[in-house]
Amino acid sequence: ESPEKIFKYAILGGGVSAGYAAREFRRQGLKRGELAIVSREAAAPYERPALSKAYLFQKRPSRLPDFHVCVGSGGQRLRREWYRENGISLFLNTEIVRADLASKTLTTANGRTIKYQILIIGTGSTVLKLSDFGVEENVKNIFYLREISDADKLIEAIKTKRKGKAVIVGGGYIGLEVAAAMRINNFDVTMVYPEKWCLPRLFTPKIASFYENYYDKKGVKIVKGTTVIGFNANSSNGEVKEVRLKDGKVLQADIVVAGVGARPLTSLFKGQVEEEKGGIKTDGFFRTSVSDVYAVGDVAAFPLKMCNEMRRLEHVDHARKSAEQAVRDIKASENGELIEEYDYLPYFYSRVFDLSWKFYGENVGDTVIFGDYNPLSKEPKFGTYWIHKGKIKGVFLEGGNAEESEAIAKVARAQPSAGNLEELAKEGLSFALKM
Ligand code: FAD
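Here is a short report on the structure shown in this document. These numbers come from a predicted model, not from an experiment.

Calculation rules
Residues numbered from 1 in each chain as written. Predicted model: local features only at pLDDT ≥ 70, side-chain atom pairs only at ≥ 80, totals over all residues. Heavy atoms only, no water. Helix = DSSP H or I, 4+ residues; strand = E, 2+ residues; numbered from the N terminus. Rg over C-alpha atoms; globule rule 2.2 N^0.38 Å. Buried < 20%, exposed > 50% of the residue type's maximum accessible area, 1.4 Å probe, protein only. Contact = heavy atoms within 4.5 Å. Areas by Shrake-Rupley, 256 points an atom, 1.4 Å probe, with all protein chains shown as cover. Lys, Arg positive; Asp, Glu negative; His and termini not counted. Charge placed at Lys NZ, Arg CZ, Asp CG, Glu CD. Pairing = 2+ DSSP bridges. Salt bridge = Lys/Arg side-chain N within 4 Å of Asp/Glu carboxyl O. Near = heavy atom within 4 Å. Polar contact = N/O pair within 3.5 Å; in protein donor to acceptor, adjacent residues only side chain to side chain. Nonpolar A, V, L, I, M, F, W, Y, C, P; charged D, E, K, R; others polar.

What about the overall build of the chain?
Here is step 1 of the chain: Across its full length, the chain holds nine helices and 26 strands.
Here is step 2 of the chain: The C-alpha atoms of the chain give a radius of gyration of 23 Å, which matches the 22 Å a tight globule of 435 residues would have.
Here is step 3 of the chain: Counting only C-alpha atoms, the chain reaches 65 × 60 × 40 Å along its principal axes.
Here is step 4 of the chain: A total of 435 residues make up the chain; the buried ones form 55% of that total.
Here is step 5 of the chain: Contacts in the chain between residues far apart in sequence, at least 24 positions, make up 62% of those at least 6 positions apart.
Here is step 6 of the chain: By element, 46% of the accessible surface of the chain is carried by carbon and sulfur atoms, the whole surface being about 19,500 Å².
Here is step 7 of the chain: Side chains of the chain give 65 positive and 55 negative charges; the mean places of these two sets differ by 3 Å.

Have a look at this one:
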């Protein structure tokens, strides 16, 4: 491309939302040379959740091109060639250091400019570091997980420190998934987190105690209610040797992996676009306050219609669907047509060891539990309904099959009256299955 070229569409970021947006552009009709995707990563868009799951497996780990989008939702795998075949300019290893929304110009780290007519911002999130919490990271072998390059560094360390000791900091999604992966790799694993139980944003104490007991059974140690305050290095090579905790404990470690949160990447747009909830404010079509600029995925703060509230969600299903919605709106607008506003049903999931859970809706109000919560059971299967103002607002299910997952999604969407709570507890999953 000549430097003067103006792309009709540009996507800033080459992650999950970029890949699903590209497919939607193609579906809706895209001419060669109209679309550019700019990513600082080396790989074409891929399903990021794989990085803390199958990518870290000891046996037959997943590798690209296996998990390029859109395989995560059962679609065709878009390899790098697909973009070429469709005349999409994929600028990889290209970091944007300046975005001027007024002149519709992106500037790369090498000083090259990319001009566009319509921009989709899909920059995602970056990890929070322990240093963001005031912990000095003065040792080697502290790892984070966001991009393939991070995962590759961790895998190198897993190979060098075979059967060593791993300390996992954080009891959220990443902490739980990485702890399981490190255990599968035969590490001696200890998790540390300040909360009273894991994944407190979603899990009730009852749900959390199942997973904590299950991890215990798998040999993962858990230290709760305290934080990491520092590290001691091996004086000969500067590698981490010990992790110091606030409660005075000291844990031995060869590897530390921290999953202590993420922050949406919005700094390129500061002062140029309206923000909300730490992200970029959009409407139900993912249009931002600047015309011809859309924001999708982790960075978008959008109206969650079913709750009549603004939300920002850092989850893959929303990244996919928001990207598709933005593209549909762009194409509809070109034809003078209107599409329906985004009406999203929140969906989160995770997979660890032989377990797999799904959650749909909102975790508000009282809870009703059902099923077998025994971590020693052969195939544990259980769930929780959340009930607010007499209606079922959210459903969690561990160990469900496809039909059951579909059923709980239906319940969370329809929000039926919960009726008598004792009855509901007795009926359990069959309540959802007969909807
Ligand atoms: P991303 O997929 O993060 O893509 C953003 C892209 O923009 C990246 O390629 C980045 O390099 C690029 N970029 C950013 N700034 C610039 C710049 N200045 N110049 C050029 N390129 C730039 N969600 C779930 O629901 N379930 C899960 O099990 C799950 N597991 C996860 C596991 C891991 C390890 C991680 C990190 C996330 C997981 N998530 C999961 C969250 C999910 O992956 C994200 O919500 C999703 O990837 C967001 O998509 P996105 O397109 O907004 O951002």
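Some details on the sheet that holds strand E10 (residues 188-193)
Here is step 1 of the chain: Taken in spatial order, the five strands line up as E8-E15-E9-E10-E11 in an open sheet, and their pairing is parallel. Here the strands that pair on one side only, and so sit at the sheet edges, are strand E8 (142-143) and strand E11 (221-224).
Here is step 2 of the chain: With two bridges joining them, E8 and strand E15 (residues 255-258) adopt parallel strand pairing. Following the sheet pairing, Ile142 is matched in E15 by Val256.

Observations regarding the pattern of salt bridges
Here is step 1 of the chain: Under the definition given, this model contains 30 salt bridges.
Here is step 2 of the chain: Close ionic contact of Glu24 with Arg27 constitutes a salt bridge, the shortest N to O distance being 2.8 Å. Placement of both Glu24 and Arg27 in helix H1 (residues 16-28) is noted, with a separation of three residues, approximately one turn of the helix.
Here is step 3 of the chain: In this structure Glu24 comes out as buried when scored by relative accessible area, which is 3%.
Here is step 4 of the chain: Between Asp283 and Arg287 there is a salt bridge, with its nearest N and O atoms 3.7 Å apart.
Here is step 5 of the chain: Owing to a relative accessible area of 31%, Arg287 belongs among the partly exposed residues under this scheme.

Describing the site of the ligand
Here is step 1 of the chain: Near the ligand lie 34 residues; those nearest to it are Ser17, Glu41, Lys53, Glu147 and Asp298.
Here is step 2 of the chain: Arg40 places a main-chain nitrogen or oxygen 3.1 Å from a nitrogen atom of the ligand.
Here is step 3 of the chain: Note that an oxygen atom of the ligand is positioned 3.2 Å from one of the backbone N or O atoms of His315.
Here is step 4 of the chain: At the level of elements, H1, helix H4 (173-184) and helix H6 (316-334) are the ones that each hand at least two residues to the shell around the ligand.
Here is step 5 of the chain: Residues belonging to the shell around the ligand are distributed by class as follows: 12 nonpolar, 12 polar and 10 charged.

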